[in-house]
Structures are given as structure tokens and as C-alpha cells.
Amino acid sequence: MQFGRFMKTSTIPPLRVSPELRKQAEAVLEPGETLSGFVLETLARGIENRKARQQFIARGLASAAQAKKTGKYVSAEKVVEKLERKLVKAKQRIA
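Residues numbered from 1 in each chain as written. Predicted model: local features only at pLDDT ≥ 70, side-chain atom pairs only at ≥ 80, totals over all residues. Heavy atoms only, no water.

Caption draft 1: View of the overall build of the protein chain. Along the backbone of the protein chain there are three helices and zero strands. Listing the helices and strands of the protein chain from first to last along the sequence gives α-α-α. Computed over its C-alpha atoms, the radius of gyration of the protein chain comes to 22 Å, more than 25% above the 12 Å expected for a compact globule of 95 residues. Dimensions along the principal axes, computed over C-alpha positions, put the protein chain at roughly 55 × 40 × 30 Å. For the protein chain, buried positions account for 4% of its 95 residues. By element, 60% of the accessible surface of the protein chain is carried by carbon and sulfur atoms, the whole surface being about 9100 Å². Charge-centre separation for the protein chain: the mean point of 20 positive side chains lies 11 Å from the mean point of 9 negative side chains. (Helix = DSSP H or I, 4+ residues; strand = E, 2+ residues; numbered from the N terminus. Rg over C-alpha atoms; globule rule 2.2 N^0.38 Å. Buried < 20%, exposed > 50% of the residue type's maximum accessible area, 1.4 Å probe, protein only. Areas by Shrake-Rupley, 256 points an atom, 1.4 Å probe, with all protein chains shown as cover. Lys, Arg positive; Asp, Glu negative; His and termini not counted. Charge placed at Lys NZ, Arg CZ, Asp CG, Glu CD.)

Shown next as C-alpha cells:
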């Protein structure tokens, strides 16, 4: 994922960290990567993850509201059975 595409016209407040955390961050930098670049990438990925989680929760709440409205529910047993069938098929494709 390319995060250099972001226009860098704003700043994030300075982040105070322990010397140990800074050492750990520096230890995982890719060749040619800067600490600032690492922080930018991590921030962007964190935002993407939060958005995905918010969308997931919204879909779940909408589904629950729809089920409550219609009275149509799927039992946990049926959900687990379907997931198990999917797992078997996925394992067969890999093997």
C-alpha cells in the first residue's frame, strides 16, 4: 500500500514514547523506510481498520434490526453448519 500519496499539509501532535518503544519501532523499519513513514503508514492502516470495523458493526446492527422487524432469524446451529461446510470446501481446495 502506498501512503506517500497523501498530501502532507497538516501535522499530527508530537507523540511521546518510551525509549524502548522507539527502539522497537526502529528495529522493524524496512530498508530505506523512515520512522515518520512508518508512523504515517501505521496511522493510515489504523484508520482503514477502524472504518472496516465500524462498517462491520453497522451491517450487523442493520441485520439484527431487519431480523427483529421481520421475525426471520437463522439459528446458530445453521450458521455453524454452513461455516463448517465452507471450511471443508476451502480445505479441499488447498489440498
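Caption draft 2: Spotlight on the environment of proline 13. With respect to the element layout, proline 13 can be found in the segment before α1 (19-27). Sequence separation of proline 13 and arginine 85 is 72 residues, and the distance between their C-alpha atoms is 49 Å.

Caption draft 3: Seen up close, the pattern of salt bridges. Taken as a whole and judged by the stated rule, the model has two salt bridges. A salt bridge links arginine 22 to glutamate 26, with the shortest nitrogen-to-oxygen separation between them at 2.8 Å. Of this pair, arginine 22 and glutamate 26 both sit in helix α1, four residues apart, roughly one helical turn. Classification of arginine 22 as partly exposed rests on a relative accessible area of 45%. Note on glutamate 26: relative accessible area 37%, which makes it partly exposed. Across the pair arginine 45 and glutamate 41 runs a salt bridge whose closest N-O atoms are separated by 2.8 Å. Of this pair, arginine 45 and glutamate 41 both sit in helix α2 (residues 35-70), separated by four residues, roughly a single helical turn. (Salt bridge = Lys/Arg side-chain N within 4 Å of Asp/Glu carboxyl O.)

Caption draft 4: Main features of α2. Taking 1.5 Å per residue, 36 residues should reach 52 Å; α2 reaches 52 Å between its end C-alpha atoms and fits that length. Just downstream of α2, glycine 71 is the residue with a positive phi angle, here 80°. (Expected span 1.5 Å × (residues − 1).)

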